[in-house]
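# Residue-level structural notes
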Amino acid sequence: QVQLVESGGGLVQAGGSLRLSCAASGRTFSSYAMGWFRQAPGKEREFVAAISWGGGMTYYANTVKGRFTISRDNAKNTVYLQMNSLKPEDTAVYYCAAGRSTTLTTPRSYDYWGQGTQVTVSS
């Protein structure tokens, strides 16, 4: 069982930055790949970024590539999402998730989810 708690969301102007954190409970955090997804009102949950269990491989949606960076600290049981050059279209609730699948870009590949944190980017 893994419990995930996101933090770091908020209101920021376009062009600004935010850093999201996702703290995980449990001693098996390092055995899980981690992902970030987001969901805007009226839209489906979409993939943002993912990182392998050891941190050696990262994946990004084309919409955030070059602006967002995912990282993890297994000693702290935490995964991060650094978001730079934010745009109004990045506004959404951001969720972190943990899973052991090798396919990391779809929600169904993940077993555990956090409650989400709101990110709002004003124009």
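Quick note: structure is the one above.
Let us now look at the pattern of salt bridges. In the structure shown here, the tally under the stated rule is three salt bridges. Note that Arg 38 and Glu 46 form a salt bridge whose closest N and O atoms lie 2.5 Å from each other. Exposure remark for Glu 46: the relative accessible area of 37% places this residue in the partly exposed category. Linking Arg 38 and Asp 90 is a salt bridge whose minimum nitrogen-to-oxygen distance equals 2.9 Å. In this pair, Arg 38 sits in strand S4 (residues 33-39) while Asp 90 sits in the loop between strand S8 (78-83) and strand S9 (92-99), placing the two residues 52 residues apart along the sequence. Of the two residues, Arg 38 and Asp 90, both sit in the buried class.

Calculation notes
Counting of residues starts from 1 at the beginning of each chain's written sequence and follows it residue by residue. Reporting of local features is limited, given that this is a predicted model, to residues whose pLDDT is at least 70; pairs of side-chain atoms are given and counted only at 80 or more, and all residues count toward the totals for whole chains, interfaces and linings. Computation of side-chain values covers all heavy atoms of the structure but excludes hydrogens and water. Throughout this description, the term salt bridge denotes a Lys or Arg side-chain nitrogen within 4 Å of a carboxyl oxygen of Asp or Glu. For every residue, the accessible area obtained with a 1.4 Å probe (protein chains only) is divided by the maximum for its type, and the residue is called buried under 20%, exposed over 50%, and partly exposed between those limits. Helix numbers and strand numbers start at the N terminus; a helix is a DSSP run of H or I with at least 4 residues, a strand a run of E with at least 2.

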